[in-house]
Amino acid sequence: MNQRSHVLCRSFLLISLLQCLSQNVFADELAKISTAQEAADKLGVGINLGNMLDAPNEGDWGVRFENDYAAIIRKAGFQHVRLPVKWSAHASTKAPFRIDPAFVARVKTVMAVCRKQGLRVVLNIHHYDEMHVAPGKETDRFLAIWRQLSDLFASQPETVYFEILNEPHDNLTTQEWNKILPLALEIIRKKNPQRAVILGGGNWNSPDELIHLKLPAEDQMLIATVHYYRPHEFTHQGAEFLGDKAPPAGRKFPFNQAERTAIEDDFQRIADWSVKNHRPVYVGEFGCYHMAPGEDRLRWTRTVAGLCRKHGFGSAYWEFCSGFGAWDPVRREWRTDIRDAILKP
């Protein structure tokens, strides 16, 4: 190679590198994921963009996604966002159950902004209330929604994960869910054969339901999920959205030996299930409502975040900037104690 060609080659490489950096295209995004465990490991620590697109309409619950949120989250050290979406509020109730294209475009925009910052994205179906009340009646619509989502997001990179349904509960027991989830997986795999898919058991993704969850043995790109809010009377104290079912405020978290053991035992059982079943685990939600006493809230958050890290579970705090929030949307600054409790347990 002569000197001129050498200079041109170096210039071309430099321009290509600068273009990649300007678009925030990371080697991590270009790398292929070959196993579910690898996909789970790459999630690391994340945060939920809750009360935004999972509201009946964005803004109904007091918060909207702002484009600078992704950069703020990434700069703080988070590796992914979980994006809860109430698709059922934007899909027709009559066959073919078409999803509103304008809403799809909004979701895609939010995802693109997050991906541009190098954040992985967990995209789910959230707050499908009718499905939990009458799963038999709603299954056709649920599957039709996934048929559309599977097609609409098939071109997304492997840094986008699908989560089939948030927190099956009430009439959608784990036993009922076991009948439906293979049907959804079959639809997803037609257009997304290698995408990491996340799914959990009933009773609000309770850790106790893992043992009843039946995952298709032939599908090895599945990640099991649990949500962790124990003890509920502490993490949800004074939560207005629960109405008269909210535990009274003022509950302490002394973290005595009994409480420490209870939480550690829960996580050990989750880890044992993971090893026995050869399935990675993702703690898709954990958090404590802001009404909990400050230092107790921090102690609980550090404890759970630390156990996620100890056992190698990817995790996502609930949530970014609402009642559980680690970010103050009024002052536009992190609640650094909560942020650090999540990221530096």
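Residues numbered from 1 in each chain as written. Predicted model: local features only at pLDDT ≥ 70, side-chain atom pairs only at ≥ 80, totals over all residues. Heavy atoms only, no water.

Comments concerning the overall build of the chain
Thinking step 1. Summing up its helical and strand segments, the chain has 13 helices and 10 strands in all.
Thinking step 2. Against the 2.2 N^0.38 benchmark of 20 Å for 345 residues, the chain shows a C-alpha radius of gyration of 21 Å, consistent with a compact globule.
Thinking step 3. Each principal axis of the C-alpha atoms in the chain carries an extent, and together these give about 75 × 50 × 45 Å.
Thinking step 4. In the chain, which comprises 345 residues, the share counted as buried stands at 54%.
Thinking step 5. For the chain, the computed accessible surface area is about 15,800 Å², with 54% contributed by carbon and sulfur atoms.
Thinking step 6. Separation of charge centres in the chain, based on 43 positive and 41 negative side chains, amounts to 6 Å. (Helix = DSSP H or I, 4+ residues; strand = E, 2+ residues; numbered from the N terminus. Rg over C-alpha atoms; globule rule 2.2 N^0.38 Å. Buried < 20%, exposed > 50% of the residue type's maximum accessible area, 1.4 Å probe, protein only. Areas by Shrake-Rupley, 256 points an atom, 1.4 Å probe, with all protein chains shown as cover. Lys, Arg positive; Asp, Glu negative; His and termini not counted. Charge placed at Lys NZ, Arg CZ, Asp CG, Glu CD.)

Digging into helix 8 (residues 174–191)
Thinking step 1. Between its first and last C-alpha atoms helix 8 spans 26 Å; for 18 residues at 1.5 Å apiece the expected length is 26 Å, and the two agree.
Thinking step 2. Buried within helix 8 are the following residues: Thr-174, Trp-177, Asn-178, Ile-180, Leu-181, Ala-184, Leu-185, Ile-187, Ile-188 and Arg-189.
Thinking step 3. Packed against the buried residues of helix 8 are helix 6 (129–133), helix 7 (135–152), strand 4 (160–163), strand 5 (197–200), helix 9 (202–205) and strand 6 (222–228). (Expected span 1.5 Å × (residues − 1). Contact = heavy atoms within 4.5 Å.)

Looking at the sheet that holds strand 2 (residues 80–83)
Thinking step 1. Within the closed barrel, the eight strands sit side by side as 1-2-3-4-5-6-7-8. Their pairing is parallel. Direction aside, the axes of adjacent strands within the sheet are offset by 25° on average.
Thinking step 2. Pairing geometry for strand 1 (residues 45–48) and strand 2, over three bridges, is parallel. In the strand pairing of strand 2, Ile-47 is matched with Val-81.
Thinking step 3. Its contacts with the sheet place helix 3 (residues 36–43) against strand 1, strand 2, strand 3 (120–124), strand 4, strand 6, strand 7 (281–286) and strand 8 (314–317), and it is angled at close to 40° to strand 6. (Pairing = 2+ DSSP bridges. Axes fitted to C-alpha atoms, helices over the stretch in contact; angles between N-to-C directions.)

Points about the confidence of the model for the chain
Thinking step 1. On average, the chain scores 92 in pLDDT, and the residues at 70 or more come to 91%.
Thinking step 2. Contacts from residues 3–27, a stretch scored under 50 in pLDDT, to residues over four places away or in other chains number 11 contacts. (pLDDT = per-residue confidence, 0-100.)

Remarks on the side chain of Thr-225
Thinking step 1. Relative to the helices and strands, Thr-225 resides in strand 6.
Thinking step 2. For Thr-225, the contacting residues outside a window of four places in its chain are Glu-163, Ile-198, Leu-199, Gly-200, Gly-201, Asn-205, Leu-210, Tyr-282 and Gly-284.

A closer look at the pairing of strand 3
Thinking step 1. The element strand 3 is extensively covered by neighbouring structure, given that five of its five residues are classed as buried.
Thinking step 2. Of the two faces of strand 3, both are covered, the one formed by Arg-120, Val-122 and Asn-124 as well as the one formed by Val-121 and Leu-123.
Thinking step 3. Handedness of the crossover joining strand 2 and strand 3 through helix 5 (residues 101–116): right-handed.
Thinking step 4. Two strands pair when backbone bridges link them, and strand 3 and strand 4 are joined in this way by four bridges, in the parallel orientation. In the strand pairing of strand 4, Val-121 is matched with Val-160. (Right-handed = clockwise from strand over helix to strand, strands pointing away.)

So, the packing of helix 11 (residues 257–277) against helix 12 (residues 294–311)
Thinking step 1. Interhelical geometry of helix 11 versus helix 12 gives an angle of 25° and a closest axis separation of 11 Å. Relative to helix 12, helix 11 is oriented roughly parallel. Crossing handedness for the pair helix 11 and helix 12: right-handed. Across the interface between the two elements, Ile-263, Glu-264, Phe-267, Gln-268 and Ala-271 from helix 11 touch Trp-300, Thr-303, Val-304, Leu-307, Cys-308 and His-311 from helix 12.
Thinking step 2. Taken together, the residues that form the contact of helix 11 with helix 12 break down as seven nonpolar, three polar and one charged. (Parallel < 35°, antiparallel > 145°, perpendicular 65-115°, else oblique. Left-handed = near helix turned anticlockwise from the far one by under 90°. Nonpolar A, V, L, I, M, F, W, Y, C, P; charged D, E, K, R; others polar.)

Notes on the nonpolar core
Thinking step 1. Of all hydrophobic cores here, the largest spans 93 residues; its most connected members are Leu-83, Trp-87, Val-107, Phe-142, Ile-164 and Phe-320.
Thinking step 2. Setting aside its immediate chain neighbours within four residues, Ile-164 contacts Ile-125, Phe-142, Trp-146, Trp-177, Leu-181, Ala-184, Leu-185, Ile-188, Val-197, Ile-198 and Leu-199.
Thinking step 3. Within the second largest apolar cluster, 13 residues are counted, among which are Ala-40, Ala-196, Ile-198 and Ile-223. (Core = buried A, V, L, I, M, F, W, Y, C linked by side-chain atoms within 4.5 Å.)

Some details on the packing of aromatic side chains
Thinking step 1. According to the stated counting rule, one finds 21 aromatic pairs in the structure shown.
Thinking step 2. Aromatic pair Phe-286 and Trp-300: ring centres 6.5 Å apart, planes at 40°, arrangement tilted. Taken together, the residues span a long stretch of sequence, with Phe-286 in strand 7 and Trp-300 in helix 12 at a distance of 14 residues. Trp-300 carries the same exposure label as Phe-286, and that label is buried.
Thinking step 3. Through pairs of rings, three or more aromatic residues link up here, namely Phe-65, Tyr-69, Phe-78, Phe-320, Trp-327 and Trp-334.
Thinking step 4. Over the face of the ring belonging to Phe-162 we find Arg-195, whose NZ or CZ atom lies 4.8 Å from the ring centre. (Phe/Tyr/Trp six-rings, centres within 6.5 Å; stacked < 30°, edge-to-face > 60°. Lys NZ or Arg CZ within 6 Å of the ring centre and 35° of its normal.)

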